[in-house]
Structures are given as C-alpha cells and as structure tokens.
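Structural characterization, general
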Amino acid sequence: MGLIWATRGRTWGFRFLADGGRPDPLAAYESAFGEVVDEGAAYHRDGDSAALRLVDPLGRADAAGRVIPHDFVLSGTLAAEVTSVEDGVRLVWPLVAEAYARVWDAPTAPTRRSLLGG
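Residues numbered from 1 in each chain as written. Predicted model: local features only at pLDDT ≥ 70, side-chain atom pairs only at ≥ 80, totals over all residues. Heavy atoms only, no water.

1. Notes on the sheet that holds strand β4 (residues 49–55)
With respect to topology, five strands assemble into an open sheet ordered β2-β1-β5-β4-β3, the strand pairing being antiparallel. A strand with exactly one partner marks an edge of an open sheet, and here the two such strands are β2 (15–19) and β3 (42–46). Put simply, the sheet's adjacent strands are angled 15° from each other on average, direction ignored. Two strands pair when backbone bridges link them, and β4 and strand β5 (residues 69–75) are joined in this way by seven bridges, in the antiparallel orientation. Note that in β5 the partner of Leu54 across the bridge is His70. Contacting β1 (3–7), β2, β3, β4 and β5, helix α3 (residues 85–103) crosses the sheet at an angle of about 70° to β4. (Pairing = 2+ DSSP bridges. Helix = DSSP H or I, 4+ residues; strand = E, 2+ residues; numbered from the N terminus. Axes fitted to C-alpha atoms, helices over the stretch in contact; angles between N-to-C directions. Contact = heavy atoms within 4.5 Å.)

2. A short note on the pairing of β1
In terms of residue burial, β1 counts as a mostly covered element, since five of its five residues are buried. Of the pairings in the sheet, the one linking β1 to β5 comprises five bridges and is antiparallel in character. The residue of β5 that forms the bridge with Leu3 is Leu74. As paired strands, β1 and β2 are joined by four bridges and run antiparallel to one another. When the bridges of β2 are listed, Trp5 appears paired with Ala18. (Buried < 20%, exposed > 50% of the residue type's maximum accessible area, 1.4 Å probe, protein only.)

3. Brief notes about the side chain of Asp62
Mapped onto the fold, Asp62 is located in the loop between β4 and β5. Not counting residues up to four positions away in its chain, the partners in contact with Asp62 are Arg8, Gly9, Arg10 and Ile68.

4. Comments concerning the nonpolar core
Of all hydrophobic cores here, the largest spans 24 residues; its most connected members are Leu3, Trp5, Leu52, Phe72, Leu74, Val92 and Tyr100. When residues of this core are assigned to their parent elements, the largest contribution, seven residues, is made by α3. What Leu74 contacts, discounting residues up to four positions off in sequence, is Gly2, Leu3, Asp48, Ser49, Ala50, Leu52, Ala79, Val82 and Val92. One finds Ile4, Ala28, Tyr29 and Val36 within the second-largest nonpolar core, a separate group that totals eleven residues. (Core = buried A, V, L, I, M, F, W, Y, C linked by side-chain atoms within 4.5 Å.)

5. Things to note about α3
For α3, built from 19 residues, the straight-helix expectation of 27 Å at 1.5 Å per residue is missed by more than 12%, its first-to-last C-alpha distance being only 23 Å. Approximately 60° is the largest bend angle found in α3, and it occurs at Trp93, with the proline Pro94 only one to four residues beyond. (Expected span 1.5 Å × (residues − 1). Bend = angle between axes of the 7 residues up to and from the residue.)

6. Comments concerning the packing of aromatic side chains
A complete count under the given rule lists six aromatic pairs for this structure. Ring centres of Trp5 and Phe72 lie 6.0 Å apart, and the angle between their planes is 15°; this geometry places the pair in the stacked category. Taken together, the residues Trp5 in strand β1 and Phe72 in strand β5 connect sequence positions 67 residues apart. Ring centres of Trp5 and Tyr100 lie 6.0 Å apart, and the angle between their planes is 65°; on these two criteria the pair is classed as edge-to-face. Within this pair, whereas Trp5 is found in strand β1, its partner Tyr100 is found in helix α3, the two being separated by 95 residues in sequence. As far as burial versus exposure is concerned, Trp5 and Tyr100 are alike and both buried. Among the aromatic residues, those joined into a cluster by ring pairs are Trp5, Phe72, Trp93 and Tyr100. (Phe/Tyr/Trp six-rings, centres within 6.5 Å; stacked < 30°, edge-to-face > 60°.)

Structure below.
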C-alpha cells in the first residue's frame, strides 16, 4: 500500500503509524507537506504523490483538547484515485479507521508493525 500515515493519539505525540514501505518516511513526508498550510483538512498533489490531511472524522481530540489531524502521503494507485479531501475521507480513512480506533486512547503509541502489519 502506497501510504505514509502520521498522527497523534489522546496521550501520545505525533508519529508515523505507516511508513509506505520506506525505512525513513520523514523525507517523503516533508517533501509532500512542504506546500500544505498547517491547519485543517488539506489536499496537495505533486507529481506522483499527494499530501492529504484529514481532521479526525469522529472528532477525537488529544488530552489537551486539540482535534487530531491525520496526515497521509499517498503514492501509486492510491495517489491516482484520491483527488480531494472528500476522496480521502471516502477512500483512505477506511484503510486506517479500525486500527486507529484500537489505539488512539492507548497510553503509549503503537509500533508500525503491530498496527498495520509493518
């Protein structure tokens, strides 16, 4: 799956929960989100990849009361199919919703391997 996913939980800080098969997803994340303003939902396509930010669809917030954002870097078929925030809610969110529901209020962040199988 061509998906890098970064978010935070109720008590654990921002981290990568899916790495898109990359040993270090940070460079791809920084490149994709370089043009994205740091507020609310967003979509930005650049070449073969896309940056997608969703505000938690269930309105979950962290311990400080901030609504939780979910940042995705999409590539491959997924990047071709998603062309808007609305597409992201419809096509990307279902890929991670169940896994996130299991861990968002955990006292510590899950590992990528335990969350989505690697």
